[in-house]
Amino acid sequence: QVTLVESGGRSVQAGDSLGLSCSASGPTFKHYVMMGWFRQAPGKEREFVAAIIWHGGNQYYADSVKGRFTISRDNAKNILYLQMNGLKSEDTGVYFCAASRIQHIQNDPEWYGIWGQGTQVSVSS
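The structure displayed is predicted, hence computed values, not measured ones. (Residues numbered from 1 in each chain as written. Predicted model: local features only at pLDDT ≥ 70, side-chain atom pairs only at ≥ 80, totals over all residues. Heavy atoms only, no water.)

Q: Help me understand the overall build of the protein chain, please; the structure alone is not making it clear to me.
A: Of regular secondary structure, the protein chain possesses 0 helices and 11 strands. For the protein chain, the α and β elements follow one another from N to C terminus as β-β-β-β-β-β-β-β-β-β-β. Since a compact globule built from 125 residues should have a radius of gyration of about 14 Å, the 13 Å found for the protein chain is in line with a globular shape. If one aligns the C-alpha atoms of the protein chain with their principal axes, the spans along those axes are about 40 × 25 × 25 Å. Across the 125 residues in the protein chain, those meeting the buried criterion constitute 41%. For the protein chain, the share of sequence-separated contacts (at least 6 apart) that also reach a separation of at least 24 residues comes to 55%. In the protein chain, 11 positive and 10 negative side-chain charges are present, and the distance between their average locations comes to 6 Å. (Helix = DSSP H or I, 4+ residues; strand = E, 2+ residues; numbered from the N terminus. Rg over C-alpha atoms; globule rule 2.2 N^0.38 Å. Buried < 20%, exposed > 50% of the residue type's maximum accessible area, 1.4 Å probe, protein only. Contact = heavy atoms within 4.5 Å. Lys, Arg positive; Asp, Glu negative; His and termini not counted. Charge placed at Lys NZ, Arg CZ, Asp CG, Glu CD.)

Q: Help me out: how do you make sense of unusual backbone geometry in this one?
A: Trans peptide bonds make up the majority, and among non-glycine residues the majority have a negative phi. Even without being glycine, Asn78 reaches a positive phi, approximately 55°. As for its position among the elements, Asn78 is in the loop between β7 (69-74) and β8 (79-84). Under the relative-accessibility criterion, Asn78 is labelled partly exposed at 25%.

Q: Please explain the nonpolar core as it appears in this structure.
A: As a rule of thumb, nonpolar side chains are buried together in soluble globular proteins. Leu4, Met35, Trp37, Leu82, Met84 and Tyr95 are the most contacted members of the largest nonpolar core, which has 37 residues in total. Among the elements of the structure, β3 (18-25), β4 (34-40), β5 (47-53), β7, β8, β9 (93-100), β10 (112-115) and β11 (119-124) are those that each provide at least two residues to this core. With 6 residues, β5 is the single largest residue contributor to this core. Setting aside chain neighbours within four positions, we find Leu4 in contact with Cys22, Ser23, Ala24, Met35, Cys97, Ala98, Ala99, Ile114, Trp115, Gly116 and Gln117. (Core = buried A, V, L, I, M, F, W, Y, C linked by side-chain atoms within 4.5 Å.)

Q: Any chance you could explain the sheet that holds β8 here in plain terms?
A: Strand pairs in the sheet, formed through backbone hydrogen bonds, run parallel or antiparallel to each other. Spatial strand order, β1-β3-β8-β7: 4 strands in an open sheet with antiparallel pairing. Two strands lie at the open edges of the sheet, namely β1 (3-7) and β7, each paired on one side alone. Averaged over all pairs of adjacent strands, the angle between strand axes in this sheet comes to 15°, irrespective of strand direction. Of the pairings in the sheet, the one linking β3 to β8 comprises 6 bridges and is antiparallel in character. Directly across from Leu18, in β8, lies its bridge partner Met84. (Pairing = 2+ DSSP bridges. Axes fitted to C-alpha atoms, helices over the stretch in contact; angles between N-to-C directions.)

Q: When you look at the packing of aromatic side chains in this model, what are you seeing that I'm missing?
A: The relative placement of two aromatic rings is captured by the distance of their centres and the angle of their planes. On inspection of all chains with the given rule, the structure shows 6 aromatic pairs. Here the aromatic rings of Phe29 and Trp54 are separated by 5.1 Å at their centres, their planes lie at 90°, and the arrangement is edge-to-face. Separated by 25 residues along the polypeptide, Phe29 in the loop between β3 and β4 and Trp54 in the loop between β5 and β6 (59-61) bring together distant segments of the chain. The exposure class of Phe29 is buried, given its relative accessible area of 5%. The class for Trp54 is buried, based on a relative accessible area of 4%. Where Phe38 meets Phe48, the ring centres are 5.6 Å apart and the plane angle is 70°; that geometry is what we call edge-to-face. Taken together, the positions of Phe38 in strand β4 and Phe48 in strand β5 put the pair 10 residues apart, joining distant regions of the chain. The pair formed by Phe38 and Phe48 is uniform in burial state, with each residue classed as buried. (Phe/Tyr/Trp six-rings, centres within 6.5 Å; stacked < 30°, edge-to-face > 60°.)

No statement about biological role is implied by the geometric values presented.
Encoded structure:
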């Protein structure tokens, strides 16, 4: 069993920075080779944000956040991070972290088997 818990979401203003964290726990976490962040706004499809290969550190980003967001992880502590800079109103949504057992497809949520509960990020202009 693997449990993912996000934290750090809050209401901010456009242009602000915000960091999110996702803590992973459970004896089978070592079987998951990639972690990702997704977000979902009301009435919208769940959208890929970023992903990282757990051991190698390869990073992948959606075009909409490239240059503004940075994904990282602490292997020793099993924590995934998302640093968001220059936030825009369109970044508003519930942010989810997720884990995948494959690494060749990063942006499709169907390949992620474990999901956190989500944390709300609201950006006001």
